[in-house]
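# Working through the structure, step by step
Each chain is listed here by its residues.
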Amino acid sequence: MSEDDRKKWRCTHFCKNSKKSTTLPGNEDITGFDIQKTTTLLESLNTKVANFETVVNTVQTSQELLSVKYDELLKEIKGLRDENKKLTCDISELKKQLASKDNVIDNLNMQINNDVEYVKRNNLEIHCLETSSRPPIEDLQVIAEKIDVNFQMSDVSGVHRLPIRKPTDTHGEKSPVSIVQFVSKLVRSDWLTRGRAAKLTNKVVGNKSEKRIYFNENLTAFNKRLFMQAKLKAKPLEYKYMWTSQGRVLVRKEHHAQIIRIKSFMDLDKIVQ
């Protein structure tokens, strides 16, 4: 096709369609419809964005507040830890001071107990001796004869019966403990040794029953409790010997075994199988 022919040629189909109206069926304007819908959609989106920004700002504010609270909590926890550490140190120091004071108190109690025991060193306890019409000093004279002791009135500083504190025994009677104070520890020791060896009964000294008469040292209240606890600990472990001598609490498992002295309740741990 020549150049002149190309210029003169026209596409009949294109030219025909290009003359048609740019409207949809129903004579609606496409351009106008898209702008209105887009505007409405944009307004809705703007509203949602604004709401979202409000939510974000609220969350951010809450987060900042929580962050401040968290920092304050951390600071408070640190303060509590420091205070707890200080209190722990103070408690440890107080425990040391208490332990030291306990040692001082124990030593003082031990000293007091030793002093009281020294005062009681010349005393003798006679248990289960039935009361009679005789005065206590005459009971001593009868006992002295039976245990083969040379009785001298000048050897005795005093003798008396303790009041009965506990309920009566199974026989309906309970004999009071007689306390005898001698002028010397030597005389007391002689009476104690011979009295224990004689194994007297009330019948032998002129009373009615066959109940055994016992001779013991006049121990302090502390030493009596200590001796009782030592016996309770030693008997189940089959210790054969538990006794007191000069106010000392002693135990021994066998005849040739080592003698164990119990000075305090802590020493009870020395009593082992």
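Now for a description of the structure that goes with this document.

The rules behind these values
- Residue indices follow the written sequence of each chain, beginning from 1 at its first position.
- Under the rules for a predicted model, residues below a pLDDT of 70 receive no local features and side-chain atom pairs below 80 are neither given nor counted, while totals for whole chains, interfaces and linings still include all residues.
- Side-chain figures throughout are based on the complete set of non-hydrogen atoms in the structure, without hydrogens or water.
- Numbering of helices and strands runs from the N terminus; a helix is a DSSP stretch of H or I covering at least four residues, while a strand is a stretch of E covering at least two.
- In this description, contact between two residues means that some pair of their heavy atoms is separated by no more than 4.5 Å.
- The cut-offs for exposure are 20% and 50% of the maximum accessible area for each residue type, with area from a 1.4 Å probe on protein chains only; residues under the lower value are buried, those over the upper are exposed, and the others partly exposed.
- Any two strands are treated as partners once DSSP identifies two or more bridges connecting them.
- Only the contacting stretch of a helix is used when fitting its axis, a line to C-alpha atoms as for every element, and angles between N-to-C directions run 0 to 180 degrees.
- Planes of paired rings set the category: under 30 degrees apart is stacked, over 60 is edge-to-face and the rest tilted, where pairs are Phe, Tyr or Trp rings (Trp by its six-membered ring) whose centres lie within 6.5 Å.
- When a carboxyl oxygen of Asp or Glu is within 4 Å of a side-chain nitrogen of Lys or Arg, the pair counts as a salt bridge.

## A closer look at the environment of I147
In this structure, I147 sits in the loop between α4 (136-146) and β2 (156-161). The spacing of I147 and A197 is 50 residues in sequence and 8.2 Å in space, taken between C-alpha atoms. Dropping the residues within four chain positions of it, I147 is found in contact with W191, R194, G195, A198 and L200.

## Brief notes about the environment of A230
Locating A230 in the fold gives a position in helix α6 (residues 221-234). With relative accessibility at 1%, the residue A230 sits in the buried group. Taking C-alpha positions, A230 is 8.5 Å from F265, a pair spaced 35 residues apart along the chain. In contact with A230, not counting residues within four places along its chain, are V249, V251, L268 and I271.

## Observations concerning the sheet that holds strand β7 (residues 260-262)
In space, the 3 strands of this open sheet follow the order β5-β6-β7, with antiparallel pairing throughout. In this open sheet, the two strands that pair with only one neighbour each are β5 (241-245) and β7. Direction aside, the axes of adjacent strands within the sheet are offset by 30° on average. Looking at chain direction, strand β6 (residues 248-252) and β7 are connected through 3 bridges and run antiparallel. Looking at β7, one finds that V249 is bridged to I262.

## A short note on the sheet that holds strand β1 (residues 123-127)
Taken in spatial order, the 4 strands make up an open sheet running β2-β3-β1-β4, and their pairing is antiparallel. The two strands at the open ends of the sheet, each matched to only one other strand, are β2 and β4 (214-217). For this sheet, the mean angle separating the axes of adjacent strands, direction not counted, is 20°. Bridge count between β2 and strand β3 (residues 178-182): 5 bridges; the pairing is antiparallel. Looking at the pairing, V156 lines up with F182 of β3. In this fold α4 packs onto β1, β2, β3 and β4, with an angle of close to 110° to the strand it touches most, β2. Contacts between helix α5 (residues 185-198) and the sheet are confined to β1, β3 and β4, with β4 contributing the most and set at about 145° to the helix.

## Here's the deal with the packing of aromatic side chains
Under the criterion given, the structure shown has 3 aromatic pairs. Taking the centre distance of 6.3 Å and the plane angle of 70° together, the rings of F151 and W191 count as edge-to-face. Here F151 is found in the loop between α4 and β2, whereas its partner W191 is found in helix α5, with 40 residues between them in sequence. Of the residues examined, F151 reaches a relative accessible area of 18% and is grouped as buried.

## A word on unusual backbone geometry
Positive phi values are uncommon outside glycine, yet D148 reaches one of about 65°. By the element assignment, D148 lies in the loop between α4 and β2. Residue classification places D148 among the exposed positions, given a relative accessible area of 57%. Unusually for a residue other than glycine, E238 sits at a positive phi of about 65°. With a relative accessible area of 59%, E238 lands in the exposed category.

## Quick look at the pairing of β5
As judged from the 5 bridges shared by β5 and β6, these two strands associate in the antiparallel manner. The partner of M242 across the bridge, within β6, is V251. Where β5 hands over to β6, the hairpin turn is made up of 2 residues, of which Q246 adopts a positive phi near 55°.

## So, the pattern of salt bridges
All told, the structure shown has 10 salt bridges when counted by the stated rule. In this structure, the salt-bridge partner of R161 is D139, at a minimum N-O distance of 2.9 Å. Taken together, the residues span a long stretch of sequence, with R161 in strand β2 and D139 in helix α4 at a distance of 22 residues. Here E217 ties to R188 by a salt bridge, and the two come within 3.5 Å at their closest N and O atoms. Separated by 29 residues along the polypeptide, E217 in strand β4 and R188 in helix α5 bring together distant segments of the chain. Taken as a pair, E217 and R188 share a single burial class, namely buried. Taken together, the shared-partner salt bridges in this structure form one network comprising R134, D139 and R161.

Shape descriptors only; they carry no functional weight alone.
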